[in-house]
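For reference, the chains in residue letters:
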Amino acid sequence: MKIVLEHLTKQFPPRGRKAQEPVTAVSDFNFEIPDGQLIGLLGPSGCGKSTTLNMICGLEKPTSGRILFGDDDVTSFPPERRGVGMVFQNYALYPHLTVKQNILFPLQNLKGKDKLSRSQMDERAQNAARLVQITELMDRRPSELSGGQQQRVAIARALVKMPRVLLLDEPLSNLDARLRLQTREEIRKIQRATKITTVFVTHDQEEAMSISDMIVVMKDGVVQQIGKPQNVYDSPVNLFVAKFLGTPPINVFEGQIRGGSLYIGENAVLLTPGISDQPVSVGIRPEGFIPDEKGALCCQLGGMEVMGRDISVVSTHASSVNPVIRSIISSDTQIRLDAKTIRFSIKPNKIFLFRHDTGERINL
Ligand SMILES: Nc1ncnc2c1ncn2[C@@H]1O[C@H](COP(=O)(O)OP(=O)(O)OP(=O)(O)O)[C@@H](O)[C@H]1O
């Protein structure tokens, strides 16, 4: 099922006596989510992710704009008429019911043509449980399950109604690091198996990048960029997106374009023909630094951390915005740790220029 968001906007009334301006939680969101894809909705706390999801499922009514599922305009539909499965951060399972009863719960009050027989319900519950691999846990109560197992029950409960759309709001944030990794892979597998169009909300960029067909990066209610994770990483439209994606994060420097070259401090590090003289923010991905005795960028060497396959070189530079520069280089590279300075040349596809005032990307 394709989902179309058209000029989707949500404002909340001002809060408190002093605040006069309404809060714009989501502003003019336009996106056509292709059928069967998993979309990662990504951004810092308060950027409007949950509000977007709540509008798609019908818990919030948009201030303006439309939502279509396929060709159906569902904007004014209540949640139960939308055919949406929803999984939240806190799984909200019923503690007094068994796993099976929890999964069956959404099917019990179906009416009219949707009403199912006992055996149909059992079959649906079994299928959903099989998908999330909890068939052997059906008679347990939620308190007898691990966090990851509880979350799988919540997903099975969302799937049992055979929703047209699956919405997941930070579904992994209550799990520990290892379970998070495992469960996110399982979610991806389930999504591939069911081909249900899925929107996954997270503030964890790594999580979103690893499982999404496409990511949407939001800030202050405004969509910044939509694209395949790798494309957004390789070609961020602005400094915010560049900084938001990547571990370790991108290194940012104050730079200056002068006479067709980019200067970082006194170092002319890149030819920039056709770009007018101006101050710029320079982003260099950690993997964009090549140790090179003749390299143009000269940094003060701080130290080195071995990460197995790679080394993380820590250095500083007077024009660096971050307290330290982190560069990731291959562990084969010989670094003289007794040296005071280290010179780098820069991979051209790993350096980005941004307008100093707006943060917008300047194309090289
Ligand atoms: N019911 C409400 N009334 C007033 N303001 C609200 C309401 N719900 C959300 N907001 C505001 O709208 C903005 C977006 O909130 P939203 O919960 O969608 O963000 P989010 O990206 O999901 O954040 P988080 O990651 O912290 O959950 C925030 O500024 C928030 O304070």
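Above this text you will find the structure in question.
The notes below deal with the structure included here. Predicted model, so just to flag it, every value in this text is computed and none were measured.

Some remarks on helix α3 (residues 118-131)
- For α3, which comprises 14 residues, the first-to-last C-alpha distance of 20 Å matches the rise-based estimate of 20 Å (1.5 Å per residue) to within 8%.
- Of the residues making up α3, those classed as buried are Met121, Ala125, Ala128 and Ala129. Take α3 and look down its axis: the buried residues cluster within an arc of 100°, on one side only. Of the residues in α3, the exposed ones pointing more than 90 degrees away from the buried face are Ser119, Glu123 and Arg130.
- Of the surrounding secondary structure, the elements contacted by the buried residues of α3 are α2 (99-108) and α4 (147-159).

Details of the nonpolar core
- Ile103 and Ile134 are the most contacted members of the largest nonpolar core, which totals 34 residues.
- Counting only elements with at least two residues in this core, the list comes to α2, α3, α4, β7 (165-169) and α5 (177-194).
- Examining the composition of this core, we find that six residues originate from one element, α4, more than from any other.

Side note on the site of the ligand
- What surrounds the ligand is the set Phe12, Arg15, Val23, Ala25, Pro44, Ser45, Gly46, Cys47, Gly48, Lys49, Ser50 and Thr51.
- In this structure, an oxygen atom belonging to the ligand sits 2.6 Å away from a side-chain N or O atom of Ser45.
- Between the ligand and Lys49 there is a distance of 2.9 Å, counted from an oxygen atom to a side-chain nitrogen or oxygen.
- Bound to the protein, the ligand loses 66% of the 630 Å² it would expose on its own.
- If you list the elements that add at least two residues to the shell around the ligand, you get β2 (23-33) and α1 (49-57).
- A per-element tally of the shell around the ligand places α1 first, with three residues.
- Across the shell around the ligand, the residue classes tally to five nonpolar, five polar and two charged.

Things to note about the pairing of strand β16 (residues 297-306)
- Here four bridges tie β16 to strand β19 (residues 341-346), and the two strands are oriented antiparallel to one another. When the sheet's bridge partners are listed, Cys299 is paired in β19 with Ile342.
- The pairing of β16 with strand β17 (residues 310-316) spans six bridges and is antiparallel. Bridging across to β17, Leu301 finds its partner in Ser315.
- Linking β16 to β17, which pair antiparallel, is a turn of three residues; within it Gly308 sits at a positive phi near 90°.

Re the sheet that holds β2
- Across the sheet, which stays open at both edges, the four strands sit in the order β2-β1-β4-β5 with antiparallel pairing between neighbours. Because the sheet does not close on itself, it has two edges, and the strands there are β2 and β5 (72-73).
- For strand β1 (residues 3-12) and β2, the ladder comprises seven bridges, and the chain directions are antiparallel. Paired with Lys10 across the strands is Val26, a residue of β2.

Let's talk about the packing of α4 against α5
- Axis separation between α4 and α5 bottoms out at 11 Å; the angle between their running directions is 20°. Classified by the angle their axes make, α4 and α5 are roughly parallel. Along this stretch, α4 crosses α5, giving a crossing that reads as right-handed. Counted together, Gly148, Arg152, Ile155 and Leu159 of α4 and Leu179, Glu186, Ile187 and Ile190 of α5 form the full contact between these two elements.

Overview of the packing of aromatic side chains
- Enumeration according to the criterion identifies four aromatic pairs in this entry.
- Both rings, one in Phe240 and one in Phe244, keep their centres 5.7 Å apart while their planes meet at 15°; by these two values the pair is stacked. Of the two residues, Phe240 and Phe244 are both situated in helix α8 (residues 239-244); the distance of four residues between them amounts to about one turn of the helix. Of the two residues, Phe240 and Phe244, both sit in the buried class.
- Each ring, one from Phe289 and one from Phe344, has its centre 5.1 Å from the other, and the planes form 70°; the classification is edge-to-face. With Phe289 in strand β15 (residues 289-291) and Phe344 in strand β19, this residue pair connects regions lying 55 residues apart in the sequence.
- Directly above the ring of Tyr233 sits Arg285, whose terminal nitrogen or CZ lies 3.9 Å from the centroid.

Procedures and definitions
- Residues numbered from 1 in each chain as written.
- Predicted model: local features only at pLDDT ≥ 70, side-chain atom pairs only at ≥ 80, totals over all residues.
- Heavy atoms only, no water.
- Helix = DSSP H or I, 4+ residues; strand = E, 2+ residues; numbered from the N terminus.
- Expected span 1.5 Å × (residues − 1).
- Buried < 20%, exposed > 50% of the residue type's maximum accessible area, 1.4 Å probe, protein only.
- Arc of directions from axis to C-beta.
- Contact = heavy atoms within 4.5 Å.
- Core = buried A, V, L, I, M, F, W, Y, C linked by side-chain atoms within 4.5 Å.
- Near = heavy atom within 4 Å.
- Polar contact = N/O pair within 3.5 Å; in protein donor to acceptor, adjacent residues only side chain to side chain.
- Areas by Shrake-Rupley, 256 points an atom, 1.4 Å probe, with all protein chains shown as cover.
- Nonpolar A, V, L, I, M, F, W, Y, C, P; charged D, E, K, R; others polar.
- Pairing = 2+ DSSP bridges.
- Axes fitted to C-alpha atoms, helices over the stretch in contact; angles between N-to-C directions.
- Parallel < 35°, antiparallel > 145°, perpendicular 65-115°, else oblique.
- Left-handed = near helix turned anticlockwise from the far one by under 90°.
- Phe/Tyr/Trp six-rings, centres within 6.5 Å; stacked < 30°, edge-to-face > 60°.
- Lys NZ or Arg CZ within 6 Å of the ring centre and 35° of its normal.

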